[in-house]
2 protein chains.
Amino acid sequence: MAHSLDFYFFPGSTYTYLTVNRIETKAAEAGMSVRWCPYNLRVILKETGVTPFPPESAKRRYMWRDIERRTKRLGIPYTSEPEYPVDPDLKALRVAMVASDEGWCPEYMKAYYRAWFIDHKPPGLADNMEAFLMGVGRDPGVVLPRAMSDETTRMMEASVGDAHRLGLFGSPHFVVAGEVFWGDDRLEDALEWAVRQGDVAEAPGSL
Amino acid sequence: MAHSLDFYFFPGSTYTYLTVNRIETKAAEAGMSVRWCPYNLRVILKETGVTPFPPESAKRRYMWRDIERRTKRLGIPYTSEPEYPVDPDLKALRVAMVASDEGWCPEYMKAYYRAWFIDHKPPGLADNMEAFLMGVGRDPGVVLPRAMSDETTRMMEASVGDAHRLGLFGSPHFVVAGEVFWGDDRLEDALEWAVRQGDVAEAPGSL
């Protein structure tokens, strides 16, 4: 395949629910592979002092209404507003780092967002993660120690370095041939960019 | 016409450049009229402590690159990054209030954004407004005193009331049949929403 699309995301992001449910189909239609890259957006938000959707704000109310409308438009399941924020201890991000390293990130993220948005049991909250991992056929006794390890901490730190280098500040981001796109509503732009740049070299780190 | 689209905007907004250059054509294609509603977004941003694109931030650099790409995609002129921020004293907003009240807001806003983005002479900066108004066939000696009047101040305050009531927090916003959309990239969604809601009553205040 000529190009891969680098999909940078944070498992606490709401709009990323839309992307996780459609990126594989859309990329395949464009003849692209997807590299799933979890990253520690929370550090970036702390550095910049940004709260994307403050409690009780008009912007947060809008975000949920917009997501409801977009799911209908895109044919993605949605019932009612799920809990938010989630993943206070970054446990879901840590597991995503492991999943990415071991090659099961797409399955993990799709099941993760279904658990959060549809079953209303966010894996990163309360004690949900262990049962969630068993439900998707992963051994919590193997996955969780690795997720909490120093090795995973170093992967998370490296992800912040990538974010600084690329100029990431949200989720989802798409990076193709060095070009950065932000927001689920830029997925089509990113794929069209990749197709138009068909004669450039592969992006660093692409599959 | 069955529906009008309420277009709420702030003349200091960068992405609104895209909308001003395409909303009339897009709305006409959908059989809709447009009501141009300038509003004082700066008060809302101060209330919420939000700086949309902080100086030197990755988000600001991204915004300009994204606007450059979107102008190409949408067939809108763009040469190089214009000055930002603009309109520190809200002079451009005040004139927009007058233009809206007197019925020449579309012409004003299109010429305003051309002056800012293409000619690189933002009407709300330095002493640009007087020459700008003469250039678009308006008498600064008539327009500017009205723009600086208490009556215009009251219109600006009323616009903040509208923003609170509707839950506006950015620019551009589109409001159709009580439904709020945010961002130039939601213009198509707003118009399709209006078409699908063809059997509901006209929005309050529509033409």
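So, here is what we can say about the structure in this document.

What counts, and at which threshold
- Residues numbered from 1 in each chain as written.
- Chains lettered and ligands numbered in written order.
- Predicted model: local features only at pLDDT ≥ 70, side-chain atom pairs only at ≥ 80, totals over all residues.
- Heavy atoms only, no water.
- Helix = DSSP H or I, 4+ residues; strand = E, 2+ residues; numbered from the N terminus.
- Contact = heavy atoms within 4.5 Å.
- Least-squares fit on C-alpha atoms with pLDDT ≥ 70 in both.
- Pairing = 2+ DSSP bridges.
- Axes fitted to C-alpha atoms, helices over the stretch in contact; angles between N-to-C directions.
- Phe/Tyr/Trp six-rings, centres within 6.5 Å; stacked < 30°, edge-to-face > 60°.
- Buried < 20%, exposed > 50% of the residue type's maximum accessible area, 1.4 Å probe, protein only.
- Lys NZ or Arg CZ within 6 Å of the ring centre and 35° of its normal.
- Buried area = accessible area lost by both parts, 1.4 Å probe.
- Salt bridge = Lys/Arg side-chain N within 4 Å of Asp/Glu carboxyl O.
- Polar contact = N/O pair within 3.5 Å; in protein donor to acceptor, adjacent residues only side chain to side chain.
- Nonpolar A, V, L, I, M, F, W, Y, C, P; charged D, E, K, R; others polar.

Some details on the side chain of serine 13 of chain A
At step 1: In this structure, serine 13 of chain A sits in the loop between β1 (4-9) and α1 (16-20).
At step 2: Sequence-distant contacts of serine 13 of chain A, defined by excluding residues within four places in its chain, comprise Tyr113, Trp116, Ser171 and Pro172 of chain A.

Things to note about the relation of the copies chain A and chain B
In summary, the two copies of the chain are related to each other by a rotation about an axis coupled with a shift along it.
At step 1: Between chain A and chain B, the superposition needs a rotation of 180 degrees and an axial shift of 0.0 Å, giving an RMSD of 0.0 Å. Considering both components of the superposition, the chain copies are consistent with a two-fold axis. Among all C-alpha atoms of chain A, that of aspartate 185 of chain A lies closest to the rotation axis, at 3.8 Å.
At step 2: Looking at the interface residues of chain A, 100% of them are also at the interface in chain B, so both copies use one shared face.

Digging into the environment of methionine 148 of chain A
At step 1: On the secondary structure map, methionine 148 of chain A appears in the loop between α8 (140-147) and α9 (150-166).
At step 2: Sequence separation between methionine 148 of chain A and arginine 94 of chain A is 54 residues; the distance between their C-alpha atoms is 6.9 Å.

Observations concerning the sheet that holds strand β2 (residues 33-38) of chain B
All names here are of chain B.
At step 1: Reading across the sheet, the 4 strands line up as β2-β1-β3-β4 and stay open at both edges, with mixed pairing between neighbours. Strands at the two margins of the open sheet, each flanked by one partner only, are β2 and β4 (179-182). The average angle at which neighbouring strand axes cross in this sheet is 25 degrees, direction not considered.
At step 2: Pairing between strand β1 (residues 4-9) and strand β3 (residues 173-176): 3 bridges, direction antiparallel.

Things to note about the packing of aromatic side chains
At step 1: One pass over the structure, following the stated rule, counts 46 aromatic pairs over all chains.
At step 2: Ring geometry for tyrosine 112 of chain B and tryptophan 116 of chain B: centres 6.1 Å apart, planes at 65 degrees, overall edge-to-face. Of this pair, tyrosine 112 of chain B and tryptophan 116 of chain B both sit in helix α6 (residues 105-117), 4 residues apart, which is roughly one turn of that helix. The residues tyrosine 112 of chain B and tryptophan 116 of chain B share a single accessibility class, namely buried.
At step 3: Among the aromatic residues, those joined into a ring-pair cluster are Tyr15, Tyr17, Phe53, Trp64, Tyr84, Trp104, Tyr108, Tyr112, Tyr113, Trp116, Phe117 and Phe132 of chain A.
At step 4: The cationic tip of arginine 69 of chain A hangs over the ring face of phenylalanine 181 of chain B; the distance from NZ or CZ to the ring centre is 3.8 Å.

Some words on the interface of chain A and chain B
At step 1: Chain A puts 20 residues into the contact, and the matching count from chain B is 20 residues.
At step 2: The junction of chain A with chain B conceals about 2000 Å² of combined surface from both sides, 46% of it contributed by carbon and sulfur atoms.
At step 3: Summed over the three residues of chain A that lose the most area to chain B, namely Tyr62, Arg69 and Arg186 of chain A, the buried surface amounts to 29% of that side.
At step 4: Counting across the interface, chain A meets chain B through 14 salt bridges.
At step 5: The shortest N-O distance in the salt bridge between aspartate 189 of chain A and arginine 70 of chain B comes to 2.7 Å.
At step 6: Counting across the interface, chain A meets chain B through 18 residue pairs in polar contact (both at pLDDT 80 or more).
At step 7: Looking at the side of chain A that touches chain B element by element, the count peaks at 8 residues for helix α4 (residues 58-74) of chain A.
At step 8: Looking at the side of chain A that touches chain B residue by residue, the class counts come to 8 nonpolar, 1 polar and 11 charged.

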